[in-house]
Amino acid sequence: LAQESRIRRSFRYRSTVGSHPTSRLSAYYVSTELVMSLLSGRHFIAAVLCGLALLPCTSKATYDVGGVEEEEDDTMSMLQRPAIATPEAAASAEAAGASRTWPILVPLQRESVPLIRNGKTVAHKTSYAGAISIGHPAQDFRVVFDTGSAHVVVPSAACSSESCLEHRSYNISASSSALAVNVDGSQVEAGELGDQVTIGYGTGKVVGEFARDEVCLGGDSEETRACVKVSMVMAVEMTTQPFKSFNFDGIFGLSLDALAVGPEFSFFNRLAGSGFGGELQFGVFMAGPDAGQEHSSEIALGGHNSKRLLSPLQWTPVAVKQMGYWQIDIKEVRIGNKTLDVCKDGSCRGVVDTGTSHFGVPGSSINEFLTALATDGVEGEDCRFVDAPSMELVLEGFTLNLGPRNYMRPLAVPSNMNVGSSRGVTMESGGQADQFEAAAPASSSTRRLWPWQTQKPSHSCAPRIMPVNLPAPLGPNLFILGEPLLSRYYTVYDWKEAQIGFGLAATKANTEALAKEGQQADSQDDEKNEIYSFMQVTVTVSVRYKQAGVVARGRRTLTAPGLALPM
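The structure displayed is predicted, hence computed values, not measured ones.

Secondary structure assignment for the protein chain yields ten helices and 33 strands. By the burial criterion, 59% of the 567 residues in the protein chain qualify as buried. Of the accessible surface of the protein chain, which amounts to about 21,100 Å², a share of 50% is contributed by carbon and sulfur atoms.

So, on to the pattern of salt bridges. Tallied over the entire structure, the rule returns eleven salt bridges. In this structure, Arg-212 engages Glu-264 in a salt bridge whose closest nitrogen and oxygen atoms are separated by 3.0 Å. Placement of the pair is Arg-212 in strand S11 (residues 205-218) and Glu-264 in the loop between strand S13 (250-253) and helix H6 (267-272), with a sequence separation of 52 residues. Like Glu-264, Arg-212 is buried. The closest approach of N and O atoms between Arg-334 and Glu-392, which form a salt bridge, is 3.2 Å. On the criterion of sequence distance, the pair formed by Arg-334 in strand S18 (residues 332-335) and Glu-392 in strand S23 (residues 391-394) is long-range, its members being 58 residues apart.

Further remarks concern the environment of Lys-307. Looking at where Lys-307 falls in the secondary structure, it is placed in the loop between strand S15 (297-301) and strand S16 (314-317). With relative accessibility at 74%, the residue Lys-307 sits in the exposed group. With 199 residues separating them along the chain, Lys-307 and Ala-506 place their C-alpha atoms 7.5 Å apart.

Now for the pairing of strand S20 (residues 349-352). Here S20 shows a buried face lined by Arg-349 and Val-351 and a second buried face lined by Gly-350 and Val-352. In terms of strand pairing, strand S17 (residues 327-329) meets S20 through three bridges, oriented antiparallel. Bridge pairing in S20 links Ile-328 to Gly-350. Where S20 meets strand S29 (residues 478-481), four bridges bridge the pair, whose relative direction is parallel. Note on S29: the bridge partner recorded for Gly-350 is Phe-479.

Taken together, three strands build an open sheet; the order of strands is S22-S27-S25 and the sheet is antiparallel. Each edge of the sheet is formed by a strand with only one pairing partner; in this case those strands are strand S22 (375-377) and strand S25 (413-414).

Among the secondary structure elements, Arg-225 is positioned in strand S12 (residues 225-238). With relative accessibility at 18%, the residue Arg-225 sits in the buried group. Polar contacts involving the side chain of Arg-225 include one to the main-chain carbonyl oxygen of Asp-220, which spans 2.6 Å. In this structure the side chain of Arg-225 is engaged in a polar contact, spanning 2.8 Å, whose partner is the side chain of Glu-222.

Turning to its location among the elements, Tyr-128 is positioned in strand S6 (residues 120-134). Taking C-alpha positions, Tyr-128 is 6.3 Å from Glu-111, a pair spaced 17 residues apart along the chain.

We now examine the nonpolar core. The biggest cluster of nonpolar side chains holds 75 residues, and the ones touching the most others in it are Phe-145, Phe-252, Phe-267, Phe-369, Phe-479 and Phe-502. A per-element tally of this core places S12 first, with five residues. In contact with Phe-145, not counting residues within four places along its chain, are Val-106, Leu-108, Tyr-128, Gly-130, Ile-132, Leu-217, Phe-252, Leu-254, Ile-299 and Thr-354. Core analysis: the second largest hydrophobic core is formed by 40 residues, Val-181, Phe-265, Met-323 and Phe-534 among them.

The strand order across the open sheet built from four strands is S19-S18-S23-S24, with neighbouring strands paired in antiparallel fashion. The sheet terminates laterally at strand S19 (338-339) and strand S24 (399-402), the two strands that pair on one side only.

Tallied over the entire structure, the rule returns four disulfides. Disulfide partner of Cys-159: Cys-164, at an S-S distance of 2.1 Å. One quick way to see it: the torsion about the S-S bond of Cys-159 and Cys-164 is about 75°, and its sign makes the bridge right-handed. Given a relative accessible area of 5%, Cys-159 falls into the buried group. Accessibility expressed as a relative area gives 3% for Cys-164, which makes it buried. Cys-343 shares a disulfide with Cys-348; S-S distance 2.1 Å. Classification of the bridge connecting Cys-343 and Cys-348 rests on its S-S torsion, roughly -95°, and on that basis the disulfide is left-handed.

What counts as what
- Residues numbered from 1 in each chain as written.
- Predicted model: local features only at pLDDT ≥ 70, side-chain atom pairs only at ≥ 80, totals over all residues.
- Heavy atoms only, no water.
- Helix = DSSP H or I, 4+ residues; strand = E, 2+ residues; numbered from the N terminus.
- Buried < 20%, exposed > 50% of the residue type's maximum accessible area, 1.4 Å probe, protein only.
- Areas by Shrake-Rupley, 256 points an atom, 1.4 Å probe, with all protein chains shown as cover.
- Salt bridge = Lys/Arg side-chain N within 4 Å of Asp/Glu carboxyl O.
- Pairing = 2+ DSSP bridges.
- Polar contact = N/O pair within 3.5 Å; in protein donor to acceptor, adjacent residues only side chain to side chain.
- Core = buried A, V, L, I, M, F, W, Y, C linked by side-chain atoms within 4.5 Å.
- Contact = heavy atoms within 4.5 Å.
- Disulfide = S-S within 2.5 Å.

Below, the structure is given as structure tokens:
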């Protein structure tokens, strides 16, 4: 599990049998390097520990890296954590890569799911999903391409969860190129149970088993398609929220490989080592909600699509690369002409997450952002065109700017509806964020005022922001740069140089604004949505083995390095 040389981890074993001679010892610590050097002998390790009376043959061993388990939630953020194998760079793969046209473009379709309250649509949940295929013959899926998580996750044909039954499922038995594997890459032998993993996202959770198969994305021809053998997760359980309400089937993680349970599970890491002919980067274009633009978004693999840019790319390095997130340093945050205090100590960072629908702000500052950005609204008017201040994120060497067309929820919400959350993305809630979906009308005696209100108006315009309450070292001053920012800026993720490029996106809104103003536009259309976040925050792997006719299980709990809590 913890084989990456860049991240040194220690596994902790706790004896769970009180009568065992070693029950007086609170823990054994085994170095990562030693565990991995013997990893090919997973059964051997269990047998040796049993024979030496260090591990009861039927007891459970819990391995963790300071992690805690998570629960499911209504928000959608797919930010995640953990990587296993070394890709083979065959000469044939190099030749095939050289013959392709790079970058490969994968169209993304914007999906909008209305939220109904009292017979009226008060908001929408949106997602951007594209097509992939797995195995031979090909099994087709639609997935969210998510920079906040690391694994390819699709429902398993063995999954009976309500969410799985609503989507296409992966049948490992139907693919001639598939192999059931354990977390260490070894084949699951006949009669044995394969290892399991539990992945907690900012919103939602999946439990799955491992398989290795060929994953393809792009067009139908060899020149427009990229395929690579990768280890992936077959979900045997998926929470109802957010998975059931969307049409996409699974998640395609594109974070840095430190967030995966092993290098073999990172698609881009496998692709980078396969001798492909493109650049070690990918670009993401989100077109926004304009009519006719539902199918205009895309992800470019093996480079970026310069046609999607209205301004040159400006680059900033990835901060704390060993955490595995595409995160950047934020020097300061300004709203209007005011510089907020939140980043004055230099501790602010932002995770650029294509799998999060909202703009996440540090939980301690949520009221300050609400007070500064929200305003009174009028029923039937589009809140994206209200008079509200701009928000600026000052990075090293340049500034990102968002206007109300970017950060504001399109629909004015009745003042007797609660649209906020005080919890947000937390470790205590399993790394899941409360959804800012409008609740049922409160009684007149319980209606509350928003921080910016002095009296109750009929309707309010609220920004699409959510609180992020995560501990150090990832938090506490963490921003999640989700869809509001990504629908304004084209983003390029450079795997080799560990940097992110930002350029004004060639969207309809930005183009019209530039034509009108003759210079940089102040806004880009937001999609109408409610919160989701696929930012991966916890991963728990259960190692299962069969010994003397008894199935024994052990658990290893991994949490993103920045999310580790005191033990």
